[in-house]
Structure formats: structure tokens, C-alpha cells
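# Overview (structure and organization)
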Amino acid sequence: MQSRRRLQLQVLISFTLTDNLSLTCTVSVKIYNASNFLVRTITKTNISCPSTGAATSVTWDGKNSNGFRVLAGTYTYKIQAYDKAMNYSIINSGTATAN
């Protein structure tokens with residue numbers, strides 16, 4: 001008997017931090033559905049945040065905060081970074097598509 005494996009969804013969210021934060025910071029990516037309901041928060045620590053800006057990315061596995069796969073559709077994300085002194089970046093936003 002042949003088994004079926006569900007493919008894992010990987011959504012790459014790329015962004016550039018251009019705020020004047022200290023050398024390392026924490027990035028929070030909040031993902032919302034079409035009803036503006038918070039689906040998942042992804043936190044990435046020890047990101048390089050030089051004053052000249054830094055390009056980085058976060059991978060979302062297409063799951064909600066309970067570990068269940070989300071429905072196919074377009075999701076909105078909001079990204080904010082902060083450093084150890086609690087200086088916050090501006091909030092960046094965009095969309096990601098889950099298939």
C-alpha cells in the first residue's frame with residue numbers, strides 16, 4: 001500500500017530592516033487572515049540590525065499558532081523589530097499567499 005505525504009508549505013517573507021537599532025535585535029512577524037484575525041506570531045532573535053540596514057527573512061510553514069495548516073488564501077503580515085534597549089522599528093507590512 002502506497003502512503004501519501006502532504007507537502008509542507010514554506011512561505012518565505014523577506015524584508016530589510018533600515019531603522020537605527022543597536023547591533024542585534026529581535027524581529028516579530030505577525031500573520032493575519034482576511035478577517036484580520038491573528039493567525040500566528042513568528043519571532044526571530046539575534047538578527048543583525050546595523051544602522052545601514054540589513055536584509056533578512058522569516059519562513060512561515062503555513063500553520064497557525066495551534067500547529068494546524070491554514071486555509072489557502074492571502075494573508076497579511078506585520079513586521080516589527082526591537083533591540084535590547086526596547087527601541088522599536090517602524091511596522092512594515094505585506095501579503096503572503098498560502099496554497
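Scope of this entry: the structure provided in the associated data block. Being a predicted model, the structure only gives us computed values, none of them experimental.

## Quick look at the packing of aromatic side chains
Within the structure shown, the criterion is met by two aromatic pairs. A ring pair is formed by Trp 60 and Tyr 75, whose centres lie 5.4 Å apart and whose planes are at 70°; its orientation type is edge-to-face. One end of the pair, Trp 60, is in strand S4 (residues 54–60); the other, Tyr 75, is in strand S5 (residues 73–83), with 15 residues separating them in the sequence. A relative accessible area of 6% means that Tyr 75 is categorised as buried. Ring geometry for Tyr 82 against Tyr 88: centres 5.3 Å apart, planes inclined by 35°, an arrangement best described as tilted. The ring of Tyr 32 has Lys 78 sitting right over it, with the charged end atom 5.2 Å from the ring centre.

## What to know about the sheet that holds strand S3 (residues 38–48)
Within the open sheet, the four strands sit side by side as S3-S2-S5-S6. Their pairing is antiparallel. One side of each edge strand has no neighbouring strand; the edge strands of this open sheet are S3 and strand S6 (92–98). Within the sheet, the average angular offset between the axes of one strand and its neighbour, ignoring direction, is 25°. Note: strand S2 (residues 24–32) against S3, eight bridges, orientation antiparallel. From the neighbouring strand, Ser 28 faces S3, where its bridge partner is Thr 43.

## Some words on the pattern of salt bridges
Overall, the coordinates contain one salt bridge when judged by the stated rule. Across the pair Asp 61 and Arg 40 runs a salt bridge, and its minimum N-O distance is 2.6 Å. With Asp 61 in the loop between S4 and S5 and Arg 40 in strand S3, the pair connects residues that are 21 residues apart, well separated along the chain. Take Asp 61: its relative accessible area is 22%, and that puts it in the partly exposed class. Given a relative accessible area of 21%, Arg 40 falls into the partly exposed group.

## A closer look at the environment of Ser 89
Looking at the secondary structure, you find Ser 89 in the loop between S5 and S6. At 2.8 Å, the side chain of Ser 89 and the backbone nitrogen of Ala 81 are in polar contact.

## A look at the nonpolar core
In this structure, Ile 13, Leu 17, Val 27, Val 29, Ile 31 and Trp 60 are the most contacted members of the largest nonpolar core, which totals 23 residues. Looking at this core, the elements that each hand over two or more residues are strand S1 (11–17), S2, S3, S4, S5 and S6.

## So, the side chain of Asp 83
Looking at where Asp 83 falls in the secondary structure, it is placed in strand S5. For Asp 83, which is buried and forms no salt bridge, the nearest opposite charge comes from Lys 84, at a distance of 9.8 Å. For Asp 83, the side chain forms a polar contact with the main-chain nitrogen of Asn 87, separated by 2.9 Å. Not counting the four nearest positions on each side in its chain, Asp 83 is found in contact with Leu 21, Ser 22, Thr 24 and Cys 25.

What counts and how
What you see as residue numbers is a count from 1 along each chain, following the sequence as written. Local features in this predicted model are restricted to residues whose pLDDT is 70 or higher, and side-chain atom pairs enter the listing and the counts only when it is 80 or higher, whereas totals over whole chains, interfaces and linings include all residues. The basis for the side-chain values is all heavy atoms of the structure; hydrogens and waters are excluded. Paired rings are identified among Phe, Tyr and Trp, the last through its six-membered ring, by centres lying within 6.5 Å, and are further divided according to the angle between planes into stacked (under 30 degrees), edge-to-face (over 60) and tilted (the rest). Helix and strand definitions here come from DSSP, where helices need a minimum of 4 consecutive H or I residues and strands a minimum of 2 consecutive E residues; each element is numbered from the N-terminal end. The rule is simple: take the accessible area with a 1.4 Å probe, protein chains only, and divide by the maximum for that residue type; under 20% is buried, over 50% is exposed, in between is partly exposed. Both a distance and an angle decide whether a charge sits over a ring: NZ of Lys or CZ of Arg must be within 6 Å of the ring centre and within 35 degrees of the ring normal. By definition, two strands form a pair when at least two bridges between them are found by DSSP. Where helices are involved, their axes are fitted lines through C-alpha atoms of the stretch in contact, as for all axes, and angles between N-to-C directions lie from 0 to 180°. In the sections that follow, a salt bridge refers to a side-chain nitrogen of Lys or Arg positioned within 4 Å of a carboxyl oxygen of Asp or Glu. Polar contacts, as counted here, are pairs of nitrogen or oxygen atoms within 3.5 Å of one another; within protein the pair requires one atom able to donate a hydrogen and one able to accept it, and residues that are adjacent in sequence qualify only if both atoms are side-chain atoms. By nonpolar core is meant a set of buried Ala, Val, Leu, Ile, Met, Phe, Trp, Tyr and Cys residues that side-chain atoms within 4.5 Å join together. Only four residue types enter the tally: Lys and Arg on the positive side, Asp and Glu on the negative side, with His and both chain ends excluded. The contact criterion used is simple: two residues touch if any of their non-hydrogen atoms lie within 4.5 Å.

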